[in-house]
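A closer look at the structure
Next come the chains, spelled out residue by residue.
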Amino acid sequence: TLNMHQSTYYRNTYEPIDKWTWEYLRKRKQYFQMPLGWEEMVISGGSIIDVGCGDGDMIQNFIDFAEKIIKKRNLKSKIHIYGIDVNHSRVENAKKLIKTKSSNITFEIVCGDFASKKVKKFDYALIAGVLEILNNNEFKKFVSKLEKIIKKKIYVEDLMEQFPGGYPRYHIGKYFKK
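Attention here is on the structure that accompanies the text. (Residues numbered from 1 in each chain as written. Predicted model: local features only at pLDDT ≥ 70, side-chain atom pairs only at ≥ 80, totals over all residues. Heavy atoms only, no water.)

On to the nonpolar core, then. Among the nonpolar cores identified, the biggest contains 27 residues, and Val42, Ile48, Phe62, Ile79 and Ile81 are the most heavily contacted of them. The set of elements that each furnish at least two residues to this core consists of α3 (38-44), α4 (57-73), β2 (79-85), α5 (88-97), β3 (105-111) and β4 (122-128). Considering each element in turn, this core owes the most residues, seven residues, to α4. In this structure Val42 touches Phe62, Phe65, Ala66, Ile69, Ile70, Leu75, Ser77 and Ile79, once residues within four positions along its chain are discounted. Residues Tyr82, Ile127, Val130 and Leu131 belong to the second largest nonpolar core, which totals 21 residues. (Core = buried A, V, L, I, M, F, W, Y, C linked by side-chain atoms within 4.5 Å. Buried < 20%, exposed > 50% of the residue type's maximum accessible area, 1.4 Å probe, protein only. Helix = DSSP H or I, 4+ residues; strand = E, 2+ residues; numbered from the N terminus. Contact = heavy atoms within 4.5 Å.)

The sheet built from five strands is open, its strands ordered β3-β2-β1-β4-β5 with parallel pairing. Whereas interior strands pair on both sides, the edge strands pair on one side only; in this sheet they are β3 and β5 (150-157). For this sheet the average axis-to-axis angle between neighbouring strands, irrespective of direction, equals 20°. Alignment of β2 against β3, held across seven bridges, turns out to be parallel. In the sheet register, His80 faces β3, and the bridge partner there is Thr106. (Pairing = 2+ DSSP bridges. Axes fitted to C-alpha atoms, helices over the stretch in contact; angles between N-to-C directions.)

What follows concerns a positive patch on the surface. Taken together, Lys120, Lys121, Lys151 and Lys152 make up a surface patch of like positive charges. Relative to the helices and strands, Lys152 is located in strand β5. Note on Lys152: relative accessible area 45%, which makes it partly exposed. (Patch = residues over 30% accessible without salt bridge, like charges linked within 9 Å, V, L, I, M, F, W, Y side chains within 5 Å. Areas by Shrake-Rupley, 256 points an atom, 1.4 Å probe, with all protein chains shown as cover. Salt bridge = Lys/Arg side-chain N within 4 Å of Asp/Glu carboxyl O. Lys, Arg positive; Asp, Glu negative; His and termini not counted. Charge placed at Lys NZ, Arg CZ, Asp CG, Glu CD.)

Turning to the pairing of β2, a few remarks are in order. The buried fraction of β2 amounts to six of the seven residues, a majority that puts the element mostly inside the structure. Sheet analysis places strand β1 (residues 46-51) next to β2, joined by six bridges and oriented parallel. Looking at β2, one finds that Asp50 is bridged to Gly83. Each parallel crossover has a hand, and the one from β2 via α5 to β3 is right-handed. (Right-handed = clockwise from strand over helix to strand, strands pointing away.)

Keep in mind that these numbers describe shape and distance, not what the molecule does.
Written out as structure tokens, the structure reads:
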């Protein structure tokens, strides 16, 4: 779904990272990836897709959040997280770095392009740092596919300021039918 320059750059640029760098990036991102609606996702359980999961930092932040809620409330709900990203190196980082202590939480990380990959239905979606890089045509296709496969809710973190090669969307909720 990325234009040719973005796609080539993103697919080929990233390298493996160490755990210290990954932890730093996770902590830094917590300031703008607020866990709005995450508690509901943990309580009800189900399946979650993280499209553009990158190094898996948001998945790990969600797992850390979920483990606390599960322990505090003694929940039995099961959560399965499916992360997908087009960059092989970042997927390998995620596979190596994501951990859970809870038997209620499982995860699977795959390399692939969400736009062309056939995926099953999920209860929830996590989307961070993806929508702002899609042009209008790609964005519309992405949202349409996402709405077809998500049963309950979609969590979006998206930039709203212009940057080179980016497409900010103000009032992003108006683009979704659900």
